[in-house]
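Take a look at the letters that make up each chain.
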Amino acid sequence: MSEYAISVASNMGMIAFVALSAYVILVVGEISFGQQAYFGIGAYMSGAATAMWGWPFGLALAVGSLSAAAAAFAIGALTIRLRGLYFAISTLCFAEMLRLWLNSVHVRVEVDGEMVGPDGAEGFGDIRWIFENDVTPLEFMFIIYGLLGAVLAFLLLVERSRLGAALRMVGQDPLLARSQGIDASACKLLAVMFAGLIAGLGGGLYAHFATYIEPNVFNVMLGVHGLAYGLIGGLGTALGPIIGVVLDIGFLEGIRAIQGYRMIVFGGLVAILLIVMPRGILDETRVYRIKRWMRRT
Amino acid sequence: MVDFIQTTIDGLSIGSAYSLIALGFTLVFGVMRRINLSYGPSIMLGAFAGTWIFVTLDAQPWLVAAVTVAGTVAVGVYVERVCFWAIRRDAAIASMVSSFVIWMQLEEVATILLPGRTYPFPELFRTGGVEIGPYFFRMEYVTTLTVAILVLVMLRLLLFKTRFGLALRAVSENPAAAAYMGIRPGRVIFRAFVLASLIGGIAGYLLLAADQQVTPYFGLWATFKGLIAMMLGGMGSIPGAVVGGLILGVIESQTQWYLGNAYKDLSSYLVLFMVLVLRPGGLLGQGIAEREAQAFRRI
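What counts, and where the lines are drawn
- Residues numbered from 1 in each chain as written.
- Chains lettered and ligands numbered in written order.
- Predicted model: local features only at pLDDT ≥ 70, side-chain atom pairs only at ≥ 80, totals over all residues.
- Heavy atoms only, no water.
- Helix = DSSP H or I, 4+ residues; strand = E, 2+ residues; numbered from the N terminus.
- Polar contact = N/O pair within 3.5 Å; in protein donor to acceptor, adjacent residues only side chain to side chain.
- Salt bridge = Lys/Arg side-chain N within 4 Å of Asp/Glu carboxyl O.
- Contact = heavy atoms within 4.5 Å.
- Nonpolar A, V, L, I, M, F, W, Y, C, P; charged D, E, K, R; others polar.

## Observations regarding unusual backbone geometry
- With phi around 55°, aspartate 126 of chain A is a residue other than glycine that occupies positive phi space.
- Looking at the element boundaries, aspartate 126 of chain A is found in the loop between β2 (114-116) and α5 (129-132).
- Located in the positive-phi region is glutamine 212 of chain B, a residue other than glycine, with phi close to 60°.

Dropping the structure here:
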């Protein structure tokens, strides 16, 4: 694989974490414009863990994703009674507050004679774990896809369980779910927390892949792209967001020839796709049909 | 004290433009319960059309204003047809995502039209302003405030004194019941969209003429300012949009004056977050949230 292909594939893998986390929230019937915040928390925390405190990589990733999950839990607990656009805007508010606040966070420590740490709008550079441990881009890509595969497998397992059915029911009709004895708020909170965890894991990977992060990376465009991928791919299965990411980034890289017009072409195609398939390519009905077809053969 | 009042005046003037953008959002949200993320970008593209004839043909300011508003309406109609009319009524998320991909399209059209980052935008008058006692009124702000009040009065008359206004209010109350009364919701939605684009075009022109420059980021900025102002006041409520816009303008100008530029956006997000957590439903839109909460408590 060429270096360029590896970097495109790695980027696809990392944005897939954002798309999956947006998808988990879409399943329980809410929209989040703020998953970039948890991606950012994961990136900053795990970046700090390896670069400033010298922790091992695995532990750093765990710290990043767990702190993102904790933040998601706290924000979720505050906003859980909001629904629809109110919830969506509250997630946007939190994400933007975090991004603007990170612009004024300066925590610099001395490591091996050099100052490292978040430096406000100047960003947080020198996250050198990948160089210090001689990890090649190809190896790092395998780490990304290994973790992505694990998350995906877990989500697919959950979807087959009673919990998955409960989450979908809350997404379809929270009132009906409650009358079936399902605690709708607890389900939503669980989904929000798990979405934070996934986004944080992706962020931790991103910090070590890019070796430099700055608050503006985690702006609202990242979250809205993730949301769009989740919907384009389809809301029927956790494979949907992956399809959305592959379609978007793969397609955009594929039509580099018509640079300057590709967003017009691509935007038009997605708009048509959404007219024909308003719940994405792999929506609930299609997933059900595929499953039935697979059982028969 | 003089400082405080002066900043409040400036905030109210900017806020009145925010109110207009929020009104556009509220009108469209009220009749179809879906959000149009492309609202700001369509204003941006209209303004780019305006600045394009200003840069290439050296047009008069009034012509630039007319092209800005007409361009916004044209783009608004395109967005309505592609993202809302063509998509099933119950697929609200698909409409929203569709309006987002169309946003990306509009941004690219804008950069093809004018490839630079920043373009000049003509001001309305070349006069400085009015001084009343210790207070100074910038001419652009006086115009913004006057036009905003005019638009509000006209909108109020349109909504409460005409058949179209009655139809619009009926559809936003209950689309099915309105359809039984012989109102065509599709047509009302289309007209509400044109009306919202008209108001948005005017607001965009006023804001940009006060800034005297336009960038492609204006789309993002306008969409989120409008959303914040609308949510502050309460969704779908017209007085709410006006109050929300004015509050947002005052908060921004006060924090900018007393705490500095870095806290301007942070404070408006913080205030909105607190309003959402403490009073979900906005300041003036408590009704809907309250009814839903009661329905939840009953079971």
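## So, the side chain of threonine 91 of chain A
- Along the polypeptide, threonine 91 of chain A turns up in helix α4 (residues 84-102).
- At 3.1 Å, the side chain of threonine 91 of chain A forms a polar contact with the backbone nitrogen of phenylalanine 33 of chain A.

## Things to note about the pattern of salt bridges
- What the rule picks out here adds up to 10 salt bridges over all chains.
- In this structure, the salt-bridge partner of lysine 225 of chain B is aspartate 265 of chain B, at a minimum N-O distance of 3.2 Å. Here the residue lysine 225 of chain B occupies a position in helix α9 (residues 218-233), and aspartate 265 of chain B occupies one in helix α11 (residues 262-278), the gap between them amounting to 40 residues.
- A network of salt bridges, in which partner residues are shared, links Glu159, Arg168, Arg279 and Glu284 of chain A.

## Topic: the interface of chain B and chain A
- With 45 residues of chain B in contact, the opposing surface of chain A contributes 43 residues.
- Counting across the interface, chain B meets chain A through zero salt bridges.
- Put simply, chain B and chain A have three residue pairs in polar contact (both at pLDDT 80 or more) between them.
- Listing elements by their share of the side of chain B that touches chain A, those giving two or more residues are α4 (92-113), α9, α11 and α12 (286-298) of chain B.
- Here the side of chain B that touches chain A takes 14 residues from α4 of chain B, the largest share from any one element.
- Of the residues belonging to the side of chain B that touches chain A, the class tally is 36 nonpolar, five polar and four charged.

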